[in-house]
Amino acid sequence: MNGSTGVRGTPHEIALLAGGPRAAVTVAVVALHLRGAVEAGAPGTLHAVDGEAGRALPPLPPPGTPAADVPGQGEALTGTMRAAYLESAVYHCLEEPSEARELVRDLTVRWAVAEMRVGLAEAGMLRYPPLGRTRAARRRVQVLRKAFPVPAARRGLPDHAVLLAVALHGVDALRVLVPRFALRAGLSERVTLRERSLVQHTPRGGVYGSAGHLYCASRGEGCAGGGGGCGGGGSD
């Protein structure tokens, strides 16, 4: 994945275009994990880790406040800042252990995903309304998947390349790049040798499993069902 740092847009935005909210949240979780801010807990759960990486995340605005209206933000809101807000929302959601599937239901995470959609709509990647992908967005994802296939191994890859691979290839990339974390956190499932060959030939549209169901922006709805808290409240 040489040259991945030159790809326009954040991995979080690319994941949103490729697989919807669940994919974007997965990239945020992996990004936090790579920086030591999130770890797997009890089987199938995640939890935030108190440390510098978590404290460096931007504070979240009051509920219902557009990111562009945050004091001091001005007109400098970028895709990178929107991605940071998503990571911050996920991190704070995981202050209480939660399953990954609960993250997309959290109101603050949904707000952060909605803000990312605003940025993509402004860039011409989503139609507004109802925020479905444009032809340019679909073509861009196809081109990137061909240009950056699933890496053969994690060794030597910078974090940005890892995140881009997860954004584009979902579970296939998770199993190669962060296999233990993905399995313990419930981001992937254990596969047999027989199933592995089937996974390698899965159509690209299904790289995030049920992500197509969660990508409700194309229907003009909110992200993944009703609102609520973020669940019940080893590193690779």
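Structural notes, computed from the coordinates.

**Looking at the overall build of the protein**
For step 1, the next point in the chain: Counting its secondary structure elements, the protein contains twelve helices and three strands.
For step 2, the next point in the chain: The buried share of the protein, taken over its 236 residues, is 50%.
For step 3, the next point in the chain: Just so you have it, the protein exposes about 11,500 Å², and 54% of that area is on carbon and sulfur atoms.

**Comments concerning a positive patch on the surface**
For step 1, the next point in the chain: A contiguous patch of positive charge on the surface is contributed by Arg127, Arg135, Arg138 and Arg139.
For step 2, the next point in the chain: Position of arginine 135 among the secondary structure elements: in helix α7 (residues 135-147).
For step 3, the next point in the chain: Overall, the relative accessible area of 63% leaves arginine 135 in the exposed class.

**Section: the pattern of salt bridges**
For step 1, the next point in the chain: Applying the stated criterion across every chain, the model contains six salt bridges.
For step 2, the next point in the chain: Between glutamate 87 and arginine 35 there is a salt bridge; the shortest N-O distance is 2.6 Å. One end of the pair, glutamate 87, is in helix α4 (residues 79-93); the other, arginine 35, is in the loop between α2 (21-34) and β1 (38-40), and 52 residues separate them in sequence.
For step 3, the next point in the chain: Residue class for glutamate 87 comes out buried when judged on its relative accessible area of 6%.
For step 4, the next point in the chain: Of the residues examined, arginine 35 reaches a relative accessible area of 40% and is grouped as partly exposed.
For step 5, the next point in the chain: Here arginine 101 ties to glutamate 99 by a salt bridge, and the two come within 2.6 Å at their closest N and O atoms.
For step 6, the next point in the chain: Three or more residues are tied together by salt bridges with common partners; here these are Asp50, Glu52 and Arg55.

**A closer look at the sheet that holds strand β2 (residues 45-48)**
For step 1, the next point in the chain: Spatial ordering of the open sheet is given by β1-β2-β3, a layout of three strands whose pairing is antiparallel. One side of each edge strand has no neighbouring strand; the edge strands of this open sheet are β1 and β3 (98-99).
For step 2, the next point in the chain: Bridge analysis of β1 against β2 gives three bridges, and the strand direction is antiparallel. Across the sheet, residue glutamate 39 finds its bridge partner in β2, namely histidine 47.

**Brief notes about the packing of α2 against helix α8 (residues 159-169)**
For step 1, the next point in the chain: In the contact formed by α2 and α8, the axes pass within 9 Å of each other and the chain directions differ by 155°. Considered as vectors, α2 and α8 are oriented roughly antiparallel to each other. Two packed elements cross with a definite hand, and for α2 against α8 that hand is right-handed. Along its contact with α2, which presents Thr26, Val27, Val30, Ala31 and Leu34, the element α8 presents Asp159, Val162, Leu163, Val166 and Ala167.

**With respect to the pairing of β2**
For step 1, the next point in the chain: Linkage of β1 to β2, two consecutive antiparallel strands, is achieved through a turn of four residues, within which glycine 44 is found at a positive phi near 85°.
For step 2, the next point in the chain: Summarising the sheet, β2 and β3 pair through two bridges and their orientation is antiparallel. Each residue of the ladder has a partner; that of threonine 45, found in β3, is glutamate 99.

**Quick word on the side chain of glutamate 13**
For step 1, the next point in the chain: Position of glutamate 13 relative to the elements: it lies in helix α1 (residues 11-19).
For step 2, the next point in the chain: With residues near it in sequence (within four places) discarded, glutamate 13 still touches Gly79, Met116 and Leu120.

**Considerations on α4**
For step 1, the next point in the chain: End to end, α4 covers 21 Å across 15 residues, agreeing with the expected 21 Å (1.5 Å per residue, within 8%).
For step 2, the next point in the chain: Counted residue by residue, α4 has twelve buried out of 15 residues, so it is predominantly covered.
For step 3, the next point in the chain: Where α4 is concerned, the buried positions are Gly79, Arg82, Ala83, Ala84, Tyr85, Leu86, Glu87, Ser88, Ala89, Val90, Tyr91 and Cys93.
For step 4, the next point in the chain: Buried residues belonging to α4 abut α1, α2, β2, α3 (52-55), α5 (100-103) and α6 (107-122).

**Structural notes on α1**
For step 1, the next point in the chain: Summarising burial for α1: nine of the nine residues are buried, a large majority.
For step 2, the next point in the chain: Considered for burial, the residues of α1 that qualify are Pro11, His12, Glu13, Ile14, Ala15, Leu16, Leu17, Ala18 and Gly19.
For step 3, the next point in the chain: Once α1 finishes, glycine 20 follows within two positions and takes phi at roughly 90°, a positive value.

**Side note on the side chain of aspartate 106**
For step 1, the next point in the chain: Along the chain, aspartate 106 turns up in the loop between α5 and α6.
For step 2, the next point in the chain: Comment: no salt bridge for buried aspartate 106; closest opposite-charge side chain is arginine 110, at 8.6 Å.

Reading the values: the criteria
Residues numbered from 1 in each chain as written. Predicted model: local features only at pLDDT ≥ 70, side-chain atom pairs only at ≥ 80, totals over all residues. Heavy atoms only, no water. Helix = DSSP H or I, 4+ residues; strand = E, 2+ residues; numbered from the N terminus. Buried < 20%, exposed > 50% of the residue type's maximum accessible area, 1.4 Å probe, protein only. Areas by Shrake-Rupley, 256 points an atom, 1.4 Å probe, with all protein chains shown as cover. Patch = residues over 30% accessible without salt bridge, like charges linked within 9 Å, V, L, I, M, F, W, Y side chains within 5 Å. Salt bridge = Lys/Arg side-chain N within 4 Å of Asp/Glu carboxyl O. Lys, Arg positive; Asp, Glu negative; His and termini not counted. Charge placed at Lys NZ, Arg CZ, Asp CG, Glu CD. Pairing = 2+ DSSP bridges. Axes fitted to C-alpha atoms, helices over the stretch in contact; angles between N-to-C directions. Parallel < 35°, antiparallel > 145°, perpendicular 65-115°, else oblique. Left-handed = near helix turned anticlockwise from the far one by under 90°. Contact = heavy atoms within 4.5 Å. Expected span 1.5 Å × (residues − 1).

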